[in-house]
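Given next are the chains, with one letter for each unit.
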Amino acid sequence: MTESTAARKPRRSAGSKAAGTTGGKAGTTGAKRTRTTRKTGAAAAKGSETELVQLLTPEGERIETAGDSAYAEYAQYVADITPDELRGLYRDMVLTRRFDAEATALQRQGELGLWASLLGQEAAQIGSGRATRDDDYVFPTYREHGVAWCRGVDPTNLLGMFRGVNNGGWDPNSNNFHLYTIVIGSQALHATGYAMGVAKDGADSGVIAYFGDGASSQGDVSEAFNFAAVYNAPVVFFCQNNQWAISESNEKQTRVPLYQRAQGFGFPGVRVDGNDVLASLAVTRWALDRARRGEGPALIEAYTYRMGAHTTSDDPSRYRHDDERAAWEAKDPILRLRRFLESANHADEGFFAELEAESEALGKRVREVVRAMPDPDRFAIFENVYADGHALVDEERARFAAYQASFAEVEGV
């Protein structure tokens, strides 16, 4: 089905739980299952077990945690989630995917210069995004469209930069959501510095930095880990491990699971099923709560998969096989939650039909807004380079003006 986003639900106040993420007894239905541990990647080669926090199976069954006190530490954060809130999470994921699909189509039609799709990563982003409070601060990369949705950023505002008409379409301080960061890994340092300031101000808010598995190989991320640990910064490092750093697989980046890197810096790390929106919500709430209490940083590795290309300039068929994607499609985060909603009788066909209509309306609005965006002033790139102007910039401006005028002369012939 084609998926969707809608007018954002009211954001909660600093002292309350996030809209669409707290819960009721709905969380206790489904087949009884226990925590799973599995051997993956380099950990399998070493014979060690890699724990994966999962609350909802790919088949849409809710996992029971009774008798497992360590696992219940995370599950308690969604123990009371209500059917209405579950439907809210589903709606968030569906609408975010619909927006993402429309943006990809617009790029293919020449309306955007580039687009970085989040297809397959909706649960990691919506779950973690809905775990934040209004007074928390978010530092994204360039793919956190779902988190932006949760923070109240109009999705059409994300597209101006990719169309080349602005340097970012929103005021970061209006939503405590920083502008998209293109430089790989640098936002981890920005988030750590901001979090150190939060701590010195005596605030009880948290900071969360998003990055991918490829960015985890950058020195900036290691430096951020070290500073955050030494200064006990209230920051959560949220790594979306989508298995591929463009064309480089995890096996070419790390010898141990990414979440275990936190141990070397002296703070906890946890791997969560990034296709499970409930688990992503629960683990992020846990990490942000401990950060706000002054217990320092934590690393979350959301184990997920990039179903599409790295960006629209990438061809994933050159470095990965179709059967790999097919295996992950069976773990689709939206289908997983839909199965649970249906099996628990928390949603009917009317709900899904209404959401589909909302999805189409969103796609139409996105198309109209993008095509109506005005072209930027071509000479704006020369402004604000230096506070008092500069002779070299003046020379470059004049040469650019002459270049632009040459086109007018040709057209007039």
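Computed from a predicted model, the values in this text were never measured in an experiment. (Residues numbered from 1 in each chain as written. Predicted model: local features only at pLDDT ≥ 70, side-chain atom pairs only at ≥ 80, totals over all residues. Heavy atoms only, no water.)

1. Considering a nonpolar patch on the surface
Step number 1: A cluster of nonpolar residues, Phe227, Val230 and Tyr231, forms a patch on the protein surface that exposes about 330 Å² of accessible area.
Step number 2: Inspection of the secondary structure assignment puts Val230 in helix 9 (residues 219–230).
Step number 3: The exposure class of Val230 is exposed, given its relative accessible area of 57%. (Patch = residues over 30% accessible without salt bridge, like charges linked within 9 Å, V, L, I, M, F, W, Y side chains within 5 Å. Areas by Shrake-Rupley, 256 points an atom, 1.4 Å probe, with all protein chains shown as cover. Salt bridge = Lys/Arg side-chain N within 4 Å of Asp/Glu carboxyl O. Helix = DSSP H or I, 4+ residues; strand = E, 2+ residues; numbered from the N terminus. Buried < 20%, exposed > 50% of the residue type's maximum accessible area, 1.4 Å probe, protein only.)

2. Here's the deal with the pairing of strand 9 (residues 298–303)
Step number 1: Across the six residues of strand 9, six count as buried, placing the element largely inside the fold.
Step number 2: With six bridges joining them, strand 5 (residues 235–241) and strand 9 adopt parallel strand pairing. Its bridge partner being in strand 9, Gln240 is matched across the sheet by Ala302.
Step number 3: One ladder, built from five bridges, connects strand 8 (residues 269–273) with strand 9; its direction is parallel. (Pairing = 2+ DSSP bridges.)

3. Side note on the nonpolar core
Step number 1: Counting 71 residues, the largest nonpolar core has Tyr90, Leu159 and Leu337 as the members making the most contacts within it.
Step number 2: Dropping the residues within four chain positions of it, Leu159 is found in contact with Phe99, Ala103, Leu112, Trp115, Val366, Val370 and Met373.
Step number 3: Counting residues in each nonpolar core, the second largest holds 23 residues, with Met196, Ala209, Phe211 and Ala262 among its members. (Core = buried A, V, L, I, M, F, W, Y, C linked by side-chain atoms within 4.5 Å. Contact = heavy atoms within 4.5 Å.)

4. Some thoughts on the packing of aromatic side chains
Step number 1: Taken as a whole, this structure holds 27 aromatic pairs when the rule is applied.
Step number 2: Where Trp170 meets Tyr180, the ring centres are 5.5 Å apart and the plane angle is 80 degrees; that geometry is what we call edge-to-face. In this pair, Trp170 sits in the loop between helix 6 (159–163) and helix 7 (172–175) while Tyr180 sits in the loop between helix 7 and helix 8 (186–201), placing the two residues ten residues apart along the sequence.
Step number 3: On the basis of relative accessible area, Trp170 is assigned to the buried category, the value being 11%.
Step number 4: Ring geometry for Phe382 versus Phe400: centroids 5.7 Å apart, planes at 55 degrees, classification tilted. Of the two residues, Phe382 is situated in the loop between helix 14 (349–371) and helix 15 (391–412) and Phe400 in helix 15; the sequence distance between them amounts to 18 residues.
Step number 5: Judged by its relative accessible area of 10%, Phe382 is buried. (Phe/Tyr/Trp six-rings, centres within 6.5 Å; stacked < 30°, edge-to-face > 60°.)

5. Some details on the layout of surface pockets
Step number 1: What the largest pocket holds in volume is close to 330 Å³.
Step number 2: Forming the walls of the largest pocket are 23 residues, and the residues nearest its centre are Tyr142, Ile184, Gly212, Ala215 and His310. (1 Å grid on protein atoms, 1.4 Å probe; cavity = no way out; pocket = protein on both sides within 12 Å on 5 of 7 lines; lining within 4 Å. Points joined across faces, edges and corners; volume = space filled by probe spheres on them.)

6. Quick word on the side chain of Gln125
Step number 1: Within the fold, Gln125 resides in helix 4 (residues 122–129).
Step number 2: Here Gln125 falls in the buried class, since its relative accessible area comes to 0%.
Step number 3: Sequence-distant contacts of Gln125, defined by excluding residues within four places in its chain, comprise Leu118, Arg143, Glu144, His145, Gly146, Val147, Cys150 and Gln240.

7. A few points about unusual backbone geometry
Step number 1: For Gln243, which is not glycine, the phi dihedral falls at a positive 80 degrees.
Step number 2: Tracing the chain through its elements places Gln243 in the loop between strand 5 and strand 6 (244–245).
Step number 3: Backbone geometry places Ile246, a non-glycine residue, at a positive phi of 55 degrees.
Step number 4: Its place among the elements puts Ile246 in the loop between strand 6 and strand 7 (248–249).

8. Observations concerning the packing of helix 4 against helix 11 (residues 277–292)
Step number 1: Taken N-terminus to C-terminus, the directions of helix 4 and helix 11 make an angle of 40 degrees; their axes are 7 Å apart at the nearest point. With respect to helix 11, the element helix 4 is oriented oblique. Our pair here, helix 4 against helix 11, has a crossing hand that is right-handed. Packed against helix 4, whose contacting residues are Ala123, Ala124, Ile126, Gly127 and Ser128, the element helix 11 presents Val277, Ser280, Leu281 and Thr284 at the interface.
Step number 2: Class assignment for the residues of the contact of helix 4 with helix 11 results in five nonpolar, four polar and no charged. (Axes fitted to C-alpha atoms, helices over the stretch in contact; angles between N-to-C directions. Parallel < 35°, antiparallel > 145°, perpendicular 65-115°, else oblique. Left-handed = near helix turned anticlockwise from the far one by under 90°. Nonpolar A, V, L, I, M, F, W, Y, C, P; charged D, E, K, R; others polar.)

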